[in-house]
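# Observations on chain architecture
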Amino acid sequence: MKKQFIIVFSGIFIIILLFVFGRTVSNKKDIAVSAKEVMPQKIFDVEQFISLEKAKLSPNQSITLSKLENNISRGDIASQQIKAYEALAAFWKDSAKSFEPYAFYTSSASKLDNSEKNLTFAARIFL
């Protein structure tokens, strides 16, 4: 009985020493610095990607794209922008066959429309 008491007491004493004098949390600065060193961050700019994809288009596709981009006139601008973004998304999906601009314009139209159905659809495209 005395031997078990000494073992339990010494175990509890060691745990208390570890919590009092031991380092239980690492420095946040060390973790942040090491994470940056391990994984260099690459930032994707969709506008730059779209401009690169525009350079690859045929002349007929470029004309069609510029008409779609300049399709907004005076009046109810929000609904016109939604229709323009949907038309641009359809162009990039069907004619140009490029996914990234299609996803960008679909998400932009969904943000303007602000309905749960469209936002969910746009989120699923990204996933």
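Shown above is the structure to which this text applies.
My aim in this report is to walk through the structure given alongside it, one point at a time. Note on numbering: residues in each chain are counted from 1, in written sequence order. Totals for whole chains, interfaces and linings use every residue, but because this is a predicted model, local features are given only for residues with pLDDT of at least 70 and side-chain atom pairs only at 80 or more, for both listing and counting. Hydrogens are left out, water is left out, and the side-chain values use all remaining heavy atoms of the structure.

What follows is about the pattern of salt bridges. Should a side-chain nitrogen of Lys or Arg be within 4 Å of a carboxyl oxygen of Asp or Glu, the pair is scored as a salt bridge. Considering all chains together, one arrives at 2 salt bridges under this definition. Measuring nitrogen to oxygen at the nearest pair gives 2.8 Å for the salt bridge that ties K54 to E69. Placement of K54 in helix α3 (residues 46–55) and of E69 in helix α4 (residues 59–69) is noted, with a sequence separation of 15 residues between them. A 1.4 Å probe rolled over the protein chains alone gives each residue an accessible area, and that area as a share of the maximum for its type sets the label: buried under 20%, exposed over 50%, partly exposed in between. Under the relative-accessibility criterion, E69 is labelled partly exposed at 29%. Strands are runs of DSSP state E lasting at least 2 residues, helices are runs of H or I lasting at least 4, and numbering of each runs from the N terminus.

Now for helix α5 (residues 77–95). Each full turn of the α-helix corresponds to 3.6 residues, which orients residues three or four apart in the same direction. Expected span, for any helix, means 1.5 Å times one less than how many residues it has. For α5, built from 19 residues, the straight-helix expectation of 27 Å at 1.5 Å per residue is met to within 8% by its first-to-last C-alpha distance of 26 Å. Buried within α5 we find Q80, I82, A84, L88, A89, F91 and W92. The contact definition used throughout considers only heavy atoms, calling two residues in contact when any of these lie within 4.5 Å. The secondary structure elements touched by the buried residues of α5 are α3, α4 and α6 (99–113). K97 sits one or two residues past α5 and shows a positive phi near 50 degrees.

Okay, the packing of aromatic side chains next. The aromatic pairing rule takes the rings of Phe, Tyr and Trp, using the six-membered ring of Trp, and pairs them if the centres are within 6.5 Å, calling planes under 30 degrees apart stacked, those over 60 edge-to-face and the rest tilted. In total, this model carries 5 aromatic pairs according to the counting rule given. For the ring pair F91 and W92, a centre distance of 5.6 Å and an interplane angle of 80 degrees mean the geometry is edge-to-face. Between F104 and Y105, the aromatic rings sit 5.1 Å apart at their centres with planes inclined by 65 degrees, giving edge-to-face as the arrangement. For Y105, a relative accessible area of 7% puts it in the buried group. Three or more aromatic residues link up through ring pairs in this structure, and these residues are Y85, F104 and Y105.

On their own, these measurements won't tell you what the molecule is for.
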